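# Report on the structure
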Number of protein chains: 2
Amino acid sequence: MGRWAPNARERLEAAALDLFVENGYEDTTVAQIAERAGLNRATFFRHFADKREVLFGGEDVLAGLFADGIRAASPDATLAECLHAAFVGADATMTPQQRVKAAQRVQVVAANTEVHERGLLKQARIAASVTAALRERGNDELSARLGAELVILAFRVAFERWMKADEDKPFSPYAQAALSDLQARAAQLDSRSQARA
Amino acid sequence: MGRWAPNARERLEAAALDLFVENGYEDTTVAQIAERAGLNRATFFRHFADKREVLFGGEDVLAGLFADGIRAASPDATLAECLHAAFVGADATMTPQQRVKAAQRVQVVAANTEVHERGLLKQARIAASVTAALRERGNDELSARLGAELVILAFRVAFERWMKADEDKPFSPYAQAALSDLQARAAQLDSRSQARA
C-alpha cells in the first residue's frame, strides 16, 4: 500500500468500530484495525494517539463547532440565545452515516470503563471550549460554566432522542428542542422558584 | 505485619498521595504504596480495585451523602430546596484533613490524564446518584438530570473556593453559596429571559 491513503481516517474509524463490536474492545489491537482498513500501524498513529481516540474524533470536531456557533451569534444575543447558537453547525458532523456508527459506539462505550472514561474527558473538553466562547462574549465565569453544562446536557439528551428516532433526520432540531426543554426547567432551579417537586 | 491493620484504608490513601507527589503517579507502584503504609499488596487490593481508585474514595462517599440529603429533605421541599439539601451532610467527608490531601490530589490529577479520566467517571456516578434521588421525589427525568448537573457544578465551584481559602472552614457553606450563585443565574438560561450577554 502507498503512503497516500484516501479517507484513511474514516477507514480506520469504520474498521475499529466493526472490530470492537465483533471481537470486543479489549481484544482488538491497533495492528488489526490497520489491517482491516488496508493500512499500516504507522498510518493509524498519524491519525490517532491511541486505540481509544479512534472512537472520539467527532467530539473534537463538536467542541470547535459549538464554540464557532457561539462566536458567530448576533452581538446582541442573550445568553439563552447563544446556547442555541452553539448547535447551529452541529449537523456538519452529526450526519446519517454518523448515526449508524454512533449506535456501534454506544455499545462499545457501555461495555468498557476505559472507553467510557475517555468519552467523559472529551465531554469535559467540549465544556471547556463552550465556556471559553461564552466568556469571550463577556459572560461571567459562573454563567459561562453553567451555560456550557446546559449545552452538554442538551447535546446528550438530543443524542439519545436522535438515536431512538426511526428515520434519518438532521440532528440540530433535536438539539434545539432538548435545549428549550432544559431552559424551561432552568427557572425552577432558582431558589426563588416555588415549583414543588 | 498482622492481618489486622487499623485505618488501613486511610494509611494507604496517605501513602499513595505522598508517593504520587514525590515520584509521580506513573512511577509509583502498588507495592511501594503498600510498603510506605506498612501493609502488603493483598491489603491494598482488599480496599482498592486499582492504583487510581485510591485517589477517589471520597467521591463514592459523596455520591451517597448527596442522595441521602435529597431523600431526607422535607416532603414539600421545592426542587431548588432539594438541591441545597444535597450538601447538608457533605462536611462529614470534606474535613480539614481532607482539605490538605485534596491539594495533593489536585496536583496529581492535573498531571495525569488517566487519573483525570477516573475523576470524571466518579463525577458521572455522583450525577447518576443525585439524578436517581431527585427522580424518586417525582421530578421528571430532565429536571432531575439538570438538577444533578447543577449540584455537580456547585460542588466543583465550592471546592475551588474552599481550597483557595486561607484557613480551615467547613465545606458546606461554600457549597450552599456556590449553589445559590448558580441558581440565580439559572433563570437567565431560560429562552424567555432578556438578559444580554
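The structure displayed is predicted, hence computed values, not measured ones.

### Considering the overall build of chain A
Looking only at helices and strands, chain A has 9 helices and 0 strands in total. Across the 197 residues in chain A, those meeting the buried criterion constitute 52%. For chain A, contacts bridging at least 24 residues in sequence account for 67% of all contacts bridging at least 6. Summed over its atoms, the accessible surface of chain A is roughly 8900 Å², and 52% of this surface lies on carbon and sulfur atoms. Charge-centre separation for chain A: the mean point of 25 positive side chains lies 2 Å from the mean point of 27 negative side chains.

### Structural notes on the UniProt feature "domain: HTH tetR-type" (unreviewed entry) in chain A
The UniProt record annotates "domain: HTH tetR-type" (unreviewed entry) at residues 6–66 of chain A. Strand forms 0% of residues 6–66 of chain A and helix 66%; the C-alpha atoms that close the span are 28 Å apart.

### Regarding the interface of chain B and chain A
Taken together, the contacts link 48 residues of chain B with 48 residues of chain A. Interface of chain B and chain A: buried area, both sides summed, is about 4300 Å²; carbon and sulfur atoms make up 58% of it. For the interface between chain B and chain A, the tally reads 10 salt bridges. A salt bridge links Glu-149 of chain A to Arg-156 of chain B; its shortest N-O distance comes to 3.5 Å. Here chain B and chain A share 14 residue pairs in polar contact (both at pLDDT 80 or more) between them. Taken together, the elements giving at least two residues each to the side of chain B that touches chain A come down to helix 5 (79–85), helix 7 (113–136), helix 8 (141–164) and helix 9 (172–186) of chain B. The element contributing the most residues to the side of chain B that touches chain A is helix 8 of chain B, with 12 residues.

### Describing the relation of the copies chain B and chain A
Once turned by 180 degrees and shifted 0.0 Å along the axis, chain B lies on chain A with an RMSD of 0.0 Å. Look at the turn and shift together and you get a two-fold axis relating the two. Across chain B, the smallest distance between a C-alpha and the rotation axis is recorded for Ala-187 of chain B, namely 2.1 Å. Mapped onto chain A, 100% of the interface residues of chain B again fall at the interface, so both copies present the same surface.

### What to know about the domain arrangement of chain A
All names here are of chain A. Here chain A is described as being made up of domain 1 (8–47) and domain 2 (56–187). A C-alpha centroid distance of 27 Å is found between domain 1 and domain 2. The interface of domain 1 with domain 2 comprises 8 residues on the first partner and 9 residues on the second. For the pair domain 1 and domain 2, the two sides together bury roughly 790 Å², of which 60% comes from carbon and sulfur. Taken as a group, Leu-17, Val-21 and Tyr-25 account for 62% of the area that domain 1 buries against domain 2, more than any other trio of residues on that side. The interface formed by domain 1 and domain 2 contains 1 salt bridge. Lys-101 is the partner of Glu-13 in a salt bridge, and the nearest nitrogen-oxygen pair spans 3.6 Å. The tally of links between domain 1 and domain 2 comes to 2 residue pairs in polar contact (both at pLDDT 80 or more). Its residues placed into classes, the side of domain 1 that touches domain 2 shows 4 nonpolar, no polar and 4 charged.

### Observations concerning helix 9 (residues 172–186) of chain A
Here helix 9 of chain A spans 21 Å end to end across 15 residues, near enough to the 21 Å set by a 1.5 Å rise per residue. Considered for burial, the residues of helix 9 of chain A that qualify are Ser-172, Tyr-174, Ala-175, Ala-178, Leu-179, Leu-182, Gln-183 and Ala-186 of chain A. Taken around the axis of helix 9 of chain A, the buried residues stretch over an arc of 165 degrees, which confines them to a single face. In this fold, the buried residues of helix 9 of chain A make contact with helix 5 (79–85) and helix 8 (141–164) of chain A together with helix 8 and helix 9 of chain B.

### What to know about the packing of helix 6 (residues 96–111) of chain B against helix 8 of chain B
Residues and elements named next belong to chain B. Direction vectors running N to C along helix 6 and helix 8 enclose 110 degrees, while the axes themselves pass 10 Å from each other. When the interaxial angle is binned, helix 6 and helix 8 end up roughly perpendicular. Of the residues in helix 8, those in contact with Arg-99, Ala-102, Ala-103 and Val-106 of helix 6 are Phe-159, Trp-162 and Met-163.

### A closer look at the UniProt feature "DNA-binding region" (unreviewed entry) in chain A
Mapped onto the present numbering, the UniProt feature "DNA-binding region" (unreviewed entry) falls at residues 29–48 of chain A. The span residues 29–48 of chain A is 70% helix and 0% strand, and its two end C-alpha atoms sit 13 Å from each other.

### Notes on the environment of Leu-134 of chain A
All names here are of chain A. Relative to the assigned elements, Leu-134 resides in helix 7 (residues 113–136). A residue is classified by how much of its surface remains accessible, and Leu-134, at 0% relative accessible area, is buried. Sequence spacing of Leu-134 and Gln-176 is 42 residues, and the spatial spacing of their C-alpha atoms is 18 Å.

### Comments concerning a negative patch on the surface
A grouping of Glu-26, Asp-27 and Glu-114 of chain A together with Glu-26, Asp-27 and Glu-114 of chain B is seen on the molecular surface, where their side chains present a negatively charged patch. Mapped onto the elements, Glu-114 of chain B comes out in helix 7. Overall, the relative accessible area of 36% leaves Glu-114 of chain B in the partly exposed class.

### Quick notes on the nonpolar core
Core analysis: the largest hydrophobic core is formed by 89 residues, its most contacted members being Phe-66 and Phe-171 of chain A together with Phe-66 and Phe-171 of chain B. Each residue touching Phe-171 of chain B, except ones within four places of it in the same chain, is listed here: Ala-90, Asp-91, Met-94, Phe-155, Ala-158, Phe-159 and Trp-162 of chain B. Judged by nonpolar contacts, the second largest core, of 20 residues, contains Leu-17, Phe-20, Ala-37 and Leu-55 of chain A.

### Description of the packing of helix 8 of chain A against helix 8 of chain B
Axis separation between helix 8 of chain A and helix 8 of chain B bottoms out at 11 Å; the angle between their running directions is 145 degrees. Every pair of crossing elements has a handedness; the one defined by helix 8 of chain A and helix 8 of chain B is right-handed. Every residue of helix 8 of chain B that contacts helix 8 of chain A at Leu-142, Arg-145, Leu-146, Glu-149, Leu-150, Leu-153, Arg-156, Val-157, Glu-160 and Arg-161 of chain A is listed here: Leu-142, Arg-145, Leu-146, Glu-149, Leu-150, Leu-153, Arg-156, Val-157, Glu-160 and Arg-161 of chain B. In terms of residue class, the contact of helix 8 of chain A with helix 8 of chain B is built from 10 nonpolar, no polar and 10 charged.

About the criteria used
- Residues numbered from 1 in each chain as written.
- Chains lettered and ligands numbered in written order.
- Predicted model: local features only at pLDDT ≥ 70, side-chain atom pairs only at ≥ 80, totals over all residues.
- Heavy atoms only, no water.
- Helix = DSSP H or I, 4+ residues; strand = E, 2+ residues; numbered from the N terminus.
- Buried < 20%, exposed > 50% of the residue type's maximum accessible area, 1.4 Å probe, protein only.
- Contact = heavy atoms within 4.5 Å.
- Areas by Shrake-Rupley, 256 points an atom, 1.4 Å probe, with all protein chains shown as cover.
- Lys, Arg positive; Asp, Glu negative; His and termini not counted.
- Charge placed at Lys NZ, Arg CZ, Asp CG, Glu CD.
- UniProt positions renumbered as here; feature names shortened; annotations may be inferred.
- Buried area = accessible area lost by both parts, 1.4 Å probe.
- Salt bridge = Lys/Arg side-chain N within 4 Å of Asp/Glu carboxyl O.
- Polar contact = N/O pair within 3.5 Å; in protein donor to acceptor, adjacent residues only side chain to side chain.
- Least-squares fit on C-alpha atoms with pLDDT ≥ 70 in both.
- Domains from an automatic or database assignment.
- Nonpolar A, V, L, I, M, F, W, Y, C, P; charged D, E, K, R; others polar.
- Expected span 1.5 Å × (residues − 1).
- Arc of directions from axis to C-beta.
- Axes fitted to C-alpha atoms, helices over the stretch in contact; angles between N-to-C directions.
- Parallel < 35°, antiparallel > 145°, perpendicular 65-115°, else oblique.
- Patch = residues over 30% accessible without salt bridge, like charges linked within 9 Å, V, L, I, M, F, W, Y side chains within 5 Å.
- Core = buried A, V, L, I, M, F, W, Y, C linked by side-chain atoms within 4.5 Å.
- Left-handed = near helix turned anticlockwise from the far one by under 90°.

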